[in-house]
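Listed here are the chains, written in short residue letters.
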Amino acid sequence: MLEEDENLQAIMGLIVNGGNAKSSSMEAIQAAKKGDFDEADAKLKEADAALGEAHNSQTGMLTKEASGDHVKVTLLMVHGQDHLMNAITFRDLAGEVVDVYKKLANA
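Numbers given to residues run from 1 along each chain, matching the order in which its sequence is written. Reporting of local features is limited, given that this is a predicted model, to residues whose pLDDT is at least 70; pairs of side-chain atoms are given and counted only at 80 or more, and all residues count toward the totals for whole chains, interfaces and linings. Processing note: side-chain calculations cover all non-hydrogen atoms of the structure and skip hydrogens and water entirely.

1. Structural notes on the overall build of the chain
Under the convention used in this document: By the criteria applied, helices consist of DSSP H or I runs no shorter than four residues and strands consist of E runs no shorter than two, each listed in order from the N terminus. For this measure, only C-alpha atoms enter the radius of gyration; the expected value for a globule follows 2.2 Å times N^0.38, where N is the number of residues.
Across its full length, the chain carries three helices and zero strands. Reading the helices (α) and strands (β) of the chain from amino to carboxyl end gives α-α-α. Against the globule reference of 13 Å for 107 residues, the chain gives a C-alpha radius of gyration of 17 Å, more extended than a compact globule. Counting only C-alpha atoms and orienting by the principal axes, one finds that the chain spans roughly 55 × 20 × 20 Å.

Here's what the structure looks like:
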């Protein structure tokens, strides 16, 4: 049961931190749209920190798997990985959108 709890905690780390990263990325775009580039940069850093936490959760699961301790794949785990991948993509795109708004502001 302890192993299941650890897996659930890691999966929730993916979901919660992935969601936080995506939200911060969206807030960065909204701040850039208003011309508040300091806030946009701060929100992108928040997103990066949340992604770092999610990555730590994922790395723990991968390390267990690599050491021969098979991790049971569940629908919830797939959902967590999906959240993480979407958050990474959204963060990458948010950085590009913020850069475009910065260039437009300096044009």
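On we go from here.
2. Regarding a negative patch on the surface
What counts is decided by this rule: For patch building, the residue pool is restricted to those with more than 30% relative accessible area and no salt bridge; the joining distance is 9 Å between like charges and 5 Å between nonpolar side chains (Val, Leu, Ile, Met, Phe, Trp, Tyr). To measure how exposed things are, a 1.4 Å probe is used in the Shrake-Rupley method; for residues, cover is taken only from the protein chains shown. Basic side-chain nitrogens of Lys or Arg form a salt bridge, by our definition, when they fall within 4 Å of a carboxyl oxygen of Asp or Glu. Working convention for charge: Lys and Arg count positive, Asp and Glu count negative, and His plus the chain ends are omitted. We put the charge of a Lys on NZ, of an Arg on CZ, of an Asp on CG and of a Glu on CD. Each residue is assigned to one of three classes by its accessible area relative to the maximum for its type, calculated with a 1.4 Å probe on protein chains only: buried under 20%, partly exposed between the two thresholds, exposed over 50%.
Residues E3, E4, D5, E65 and D69 make up a contiguous surface patch of negative charge. The element contributing the most residues to the negative patch is helix 1 (residues 2–33), with three residues. Looking at where E4 falls in the secondary structure, it is placed in helix 1. Judged by relative accessible area, E4 falls into the exposed class, the value being 55%.

3. Overview of the nonpolar core
Quick reminder of the rule: We call a set of buried Ala, Val, Leu, Ile, Met, Phe, Trp, Tyr and Cys residues a nonpolar core when their side-chain atoms join them within 4.5 Å.
Among the nonpolar cores identified, the biggest contains 14 residues, and I11, L14, A21, L51, M61, M77 and L84 are the most heavily contacted of them. Counting residues per element, the ones that place at least two in this core are helix 1, helix 2 (37–66) and helix 3 (75–106). In terms of nonpolar packing, the next biggest core, distinct from the first, is built from nine residues, A28, A40, L44 and A94 among them.

4. Re helix 2
Note the following rule: To estimate the expected span of a helix, subtract one from its residue number and multiply by 1.5 Å. Contacts are residue-level and defined by heavy atoms, with any inter-residue pair within 4.5 Å sufficient.
With 30 residues, helix 2 extends 42 Å between its outermost C-alpha atoms, agreeing within 8% with the 44 Å of an ideal straight helix rising 1.5 Å per residue. All buried positions along helix 2 are accounted for by F37, A40, K43, L44, A47, A50, L51, A54, S57, Q58, M61 and K64. Contact partners of the buried residues in helix 2: helix 1 and helix 3. One or two positions beyond helix 2, positive phi appears at G68, with a value near 95°.

5. Section: the packing of helix 1 against helix 3
Inclusion rule: Simply put, an axis is a line fit to the C-alpha atoms, just over the touching stretch for a helix, and the angle between two N-to-C directions goes from 0 to 180 degrees. An angle below 35 degrees is read as roughly parallel, one above 145 as roughly antiparallel, one from 65 to 115 as roughly perpendicular, and any other as oblique. Left-handed describes a crossing in which the near helix is turned anticlockwise from the far one by less than a right angle; the clockwise case is right-handed. The nonpolar class holds Ala, Val, Leu, Ile, Met, Phe, Trp, Tyr, Cys and Pro. Asp, Glu, Lys and Arg form the charged class, and all remaining residues, Gly among them, are polar.
As a packed pair, helix 1 and helix 3 sit with axes 8 Å apart at the nearest point and diverge in direction by 20°. For the element pair helix 1 / helix 3, the angle class is roughly parallel. With respect to the hand of their crossing, helix 1 and helix 3 are arranged in left-handed fashion. Grouping the constituent residues of the contact of helix 1 with helix 3 by class yields 18 nonpolar, seven polar and three charged.

6. Some thoughts on the packing of aromatic side chains
Filter applied, for reference: Pairs were defined over the aromatic rings of Phe, Tyr and Trp, the Trp ring being its six-membered one, requiring ring centres within 6.5 Å. Orientation was assigned from the angle between planes: stacked under 30 degrees, edge-to-face over 60, tilted for the rest. Counted as over-ring charges are cases with an Arg CZ or a Lys NZ within 6 Å of the ring centre that also lie within 35 degrees of the ring normal.
Tallied over the full model, the rule gives zero aromatic pairs. Stacked on the ring of F90, the Lys or Arg K22 has its end atom at 5.5 Å from the ring centre.

7. Brief notes about a nonpolar patch on the surface
A cluster of nonpolar side chains, L8, M12, V16 and L76, forms an exposed patch at the surface whose accessible area comes to about 310 Å². With respect to the helices and strands, L8 occurs in helix 1.

8. Structural notes on the pattern of salt bridges
Under the counting rule described, the total for this entry stands at five salt bridges. Where E6 meets K64, a salt bridge forms, and the shortest distance between an N and an O atom there is 4.0 Å. A residue pair is termed long-range when its members are at least 10 positions apart, and E6 in helix 1 and K64 in helix 2 qualify at 58 residues. Take E6: its relative accessible area is 41%, and that puts it in the partly exposed class. Residue classification places K64 among the buried residues on the basis of a relative accessible area of 18%. The partner of D41 in a salt bridge is K102, with the nearest N and O atoms 2.8 Å apart. Placement of D41 in helix 2 and of K102 in helix 3 is noted, with a sequence separation of 61 residues between them. If you follow the salt bridges from partner to partner, you end up with E27, K43 and E46 in one network.

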